[in-house]
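Single-letter residue listing:
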Amino acid sequence: MLKKSISIPREAIIGGISGTLIGIFYATSRGTFLTPGVIQTMLTSAPELGIIALGVTLLMIAGEFDLSVGSCSALAALLAISCFQWGWSPYVALILALGAGAVMGLVNGVISVKGGIPSFITTLGSMLAWRGLVYVVTMGRVINFNVEKQHPFFYTLLVGNVTVFPAHFFWFFGLIVLAFLFLNRHRFGNHIFATGGNKEAARAMGINVDMVKIACFILVGILAALAGVMRATRIRGFYAQQGDGMELMAIAAAVIGGTSLFGGAGTVIGTFFGTLVITFLEYGLIVSRVSGYWYRVILGSLVVLVVLVDRLWMVRRRS
Amino acid sequence: MKEQIPFIEVREVHKWYGKVHAVKGASFTINQGEIIGLIGDNGAGKSTLIKILAGYHRPDAGEIYIQGERVNIKSPAHARSLGIETVYQEQALVDLMSVTRNFFMGREITTRGGFLDFRKMDAECMDVIRTMGLSISSPKTLVKQLSGGEKQGVAIGRAMYFKAKLVLLDEPTRNLSVKEVQKVLDFIKNLKELGIAAIFVSHNIYHVFDVSDRFLVMARGELIKDAQKETTTIEELISVITRH
């Protein structure tokens, strides 16, 4: 029995934290936290963060970082919005944007892996560069484009409301299932864990660790681009700061969900809950009428707290 | 028997790291099922030589023949496909992964679409664990929960399972307890019984001596002695190493 109580899976703990937050915010907001309107708002907001966080999780398990996901999603969204404006098919626009995301991921991956530069530095550079490109092209102006009116079917398919659930929540859900299958049940997932867990062992066993890492970078780029296009489509426009700070939120979601900063460990389910926790915090504080300025203070503390508890837990288990 | 083609033949292999001449013209052969003790002091070039055979480094000069055919070992994956399997103590396994996942790492058994066939992999893995006499109860056990000797056992069992012809063991007994060292030496004897050759690299001549058939001694990048076990003694080998 004792042994069982010690080996509580990480997902259960993070699930518990999400549940506790729901309880707290339900109480402090006098019930408004669980009204359909608030739930719908959260379901609308969570997938854009969550989709990026999924990619970031896979990449972190492989032992690399990507700080450029926010800028990448913005540049891809800008490309999509521009294509919309030129009157191109929205599907072509989406595919081009995803392709651009893939190319951005490829650039990050090749420079980090083949150039032997820590990805923290590579992607810090590309974060600035791609955000800079966005400003160069838009001159900081807001671009408005009503996708819903011009391409109603595309809009509904991507982000429209299907009952109370927004369409992109279903996309998010589908991607979670896919990511789970790939990570835990597929050969490629085994290679990701091996690469992040012990690069030398993976290499000795014939795994092409460079290719695994580059593939993960590309995946992150595509997912970031998808999230960017979803957001621009949903808010019917583009502004140059779109996705700013998303990189750190995505890492926070992954880390709260138990993804290791050193590679080799992490779960898709954990990241799903991590995304929920961040979303609950953001909207729970609002409906509880706590000043929005507290959001980052609390989120930051939570990230450090979760990792600290995890470490103490591990040390105790080892002794 | 003496006329058989050796499993591997190394001819005049050189390796430079910048100006450092790490391996100076090593030549030797290894027959099938032969256990070679590769000994020498720190920096003698043992590791470099092993890494060339494992596909980590390319030799700057020289030739390697496997079963009589000239090969250029391009990568660890290529070495593996030629039947050369590496068992590094620190680098053989991934601590955070299960025994099964480690066992089949890079050579997973999959169903259509590349999905892992855990039922089959778990069963095969447990078979090997039992025949090796390891007391690992579940293939889902994380490798970090195994002892140093058990880890070596899993890595060596993996080499056997995948029908390696030559296993490279780099310091497999380092940091192990006396009991565990004995276990690892037994695993190496198992290799021999299956007709698998091995190169056993170690500082500890006493560990190497017991299980090896032949010894290669290196000093400052040179292969200075190649002796059958019957023709030499521990004392002689030690004096060869210390004299250089």
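These numbers were taken from a predicted model, which means no experiment stands behind them.

Q: An account of the overall build of chain A is requested, with residue identities and associated values reported.
A: Across its full length, chain A holds 15 helices and four strands. A compact globule built from 319 residues should have a C-alpha radius of gyration of about 20 Å, and chain A, at 20 Å, falls within 12% of that. Taken over the C-alpha atoms alone, chain A extends approximately 65 × 55 × 30 Å along its principal axes. Evaluated residue by residue, chain A yields a buried proportion of 48% over its 319 residues.

Q: If you had to explain the overall build of chain B to someone new, which residues and values would you point to?
A: Check the secondary structure of chain B and you find eight helices and ten strands. A compact globule built from 244 residues should have a C-alpha radius of gyration of about 18 Å, and chain B, at 18 Å, falls within 12% of that. Its C-alpha atoms give chain B principal-axis dimensions of roughly 55 × 40 × 40 Å. Looking at chain B as a whole, 43% of its 244 residues are labelled buried. Look at the contacts in chain B between residues 6 or more apart in sequence, and 68% of them connect residues 24 or more apart.

Q: Residues and numbers for the sheet that holds strand S9 (residues 214–219) of chain B, please.
A: All names here are of chain B. Taken in spatial order, the six strands of this open sheet run S6-S7-S8-S3-S9-S10, and their pairing is mixed. Every interior strand has two partners, whereas the edge strands, strand S6 (84–88) and strand S10 (222–228), have only one. Averaged over all adjacent pairs, the angle separating strand axes in this sheet is 20°, with direction ignored. Across five bridges, the pairing between strand S7 (residues 166–170) and strand S8 (residues 197–201) is parallel. Across the sheet, the residue bridging to Leu 168 is Ile 199, located in S8. Its contacts with the sheet put helix H1 (residues 46–53) on strand S3 (35–40), S6, S7, S8 and S9, and the angle it makes with S7 is roughly 145°. Packing against the sheet, helix H8 (residues 234–243) makes contact with S3, S9 and S10, and its axis sits at approximately 15° to S9.

Q: So, the confidence of the model for chain B: which residues are in play, and what are the values?
A: Mean pLDDT over chain B stands at 90; residues scoring 70 or higher make up 98%. Overall fold confidence for the complex sits at a pTM of 0.88, while the interface term, ipTM, reaches 0.84.

Q: For the environment of A:Ile218, give the residues involved together with the corresponding values.
A: Residue and element names in this part refer to chain A. Mapped onto the elements of the fold, Ile 218 is located in helix H12 (residues 209–234). On the neighbour-count criterion, Ile 218 (22 C-beta atoms within 10 Å) is buried. When the C-alpha positions of Ile 218 and Leu 183 are compared, they lie 16 Å apart, and in sequence the two are 35 residues distant. Not counting residues up to four positions away in its chain, the partners in contact with Ile 218 are Ala 102, Gly 105, Leu 106 and Gly 109.

Q: Tell me about the interface of chain B and chain A, and please be specific about residues and values.
A: As a measure of interface size, the accessible area lost when the parts come together is often cited. Listed as interface residues are 21 residues of chain B and, on the opposing side, 19 residues of chain A. Secondary structure elements with two or more residues in the side of chain B that touches chain A: helix H2 (76–81) and S6 of chain B. It is H2(B) that provides the largest number of residues to the side of chain B that touches chain A, a total of three residues. When its residues are assigned to classes, the side of chain B that touches chain A shows twelve nonpolar, five polar and four charged.

Q: I'd like to hear about the pairing of S6(B), residue by residue, with values.
A: Residue and element names in this part refer to chain B. Among the five residues in S6, five count as buried, and that is most of the element. Here S6 shows two buried faces, one formed by Ile 84, Thr 86 and Tyr 88 and the other by Glu 85 and Val 87. Pairing of S6 with S7, which is carried by five bridges, proceeds in the parallel orientation. The residue of S7 that forms the bridge with Glu 85 is Val 167.

Q: Just give me the short version of unusual backbone geometry, but keep the residues and values in it.
A: Residue and element names in this part refer to chain B. Unlike most non-glycine residues, Lys 163 shows phi in positive territory, near 55°. Along the chain, the position of Lys 163 falls in the loop between helix H5 (148–161) and S7. For Arg 220, which is not glycine, the phi torsion reads 45° and is therefore positive. Relative to the helices and strands, Arg 220 is located in the loop between S9 and S10.

Q: Residue-level account of the environment of B:Gly149, with values.
A: All names here are of chain B. Among the secondary structure elements, Gly 149 is positioned in helix H5. Classification of Gly 149 as buried rests on a count of 21 C-beta atoms within 10 Å. It is 12 Å that separates the C-alpha atoms of Gly 149 and Tyr 88, two residues lying 61 residues apart in sequence. Filtering out sequence-adjacent residues up to four positions away, Gly 149 remains in contact with Leu 176, Glu 180, Lys 183 and Val 184.

Q: Go over helix H5 (residues 90–115) of chain A, please, and point to the residues and values.
A: With 26 residues, H5(A) should reach 38 Å at 1.5 Å per residue; the first-to-last C-alpha distance of 36 Å fits that figure. Trailing H5(A) by a residue or two, A:Gly116 shows a phi angle of about 65°, which is positive.

Q: So what about helix H3 (residues 36–61) of chain A? Which residues, and what values?
A: Residues and elements named next belong to chain A. With 26 residues, H3 should cover 38 Å at 1.5 Å per step; its first-to-last C-alpha distance of 36 Å lies within 8% of that length. At Ala 46, H3 shows its largest kink, close to 30°, and the proline Pro 47 lies no more than four residues downstream. Two residues or fewer after H3 comes Gly 63, characterised by a positive phi angle close to 95°.

Q: I'd like a description of the sheet that holds strand S1 (residues 8–17) of chain B, backed by residues and values.
A: Residues and elements named next belong to chain B. An order of S2-S1-S4-S5 is seen for the four strands of this open sheet, with the pairing classed as antiparallel. Either end of the sheet is taken by a strand with one partner, and the two such strands are strand S2 (20–30) and strand S5 (69–71). Direction aside, neighbouring strands of the sheet carry axes that sit 30° apart on average. Note that strand S4 (residues 61–66) and S5 share three bridges and pair antiparallel. Looking at S5, one finds that Ile 64 is bridged to Val 71. Seen against the sheet, H1 touches S1 and S2 and runs at an angle of roughly 60° to S2.

Q: Please set out the pairing of S2(B) residue by residue, giving values where relevant.
A: Residue and element names in this part refer to chain B. Direction of pairing for S1 relative to S2: antiparallel, over a ladder of seven bridges. By the bridge assignment for S2, Val 13 is matched with Ala 26. A loop of two residues connects S1 with S2, the two strands running antiparallel in sequence, and Gly 18 in this loop sits at a positive phi of about 60°.

Definitions and cut-offs
- Residues numbered from 1 in each chain as written.
- Chains lettered and ligands numbered in written order.
- Predicted model: local features only at pLDDT ≥ 70, side-chain atom pairs only at ≥ 80, totals over all residues.
- Helix = DSSP H or I, 4+ residues; strand = E, 2+ residues; numbered from the N terminus.
- Rg over C-alpha atoms; globule rule 2.2 N^0.38 Å.
- Buried ≥ 20, exposed ≤ 12 C-beta atoms within 10 Å, placed from the backbone.
- Contact = placed C-beta atoms within 7 Å.
- Pairing = 2+ DSSP bridges.
- Axes fitted to C-alpha atoms, helices over the stretch in contact; angles between N-to-C directions.
- pLDDT = per-residue confidence, 0-100.
- Nonpolar A, V, L, I, M, F, W, Y, C, P; charged D, E, K, R; others polar.
- Expected span 1.5 Å × (residues − 1).
- Bend = angle between axes of the 7 residues up to and from the residue.

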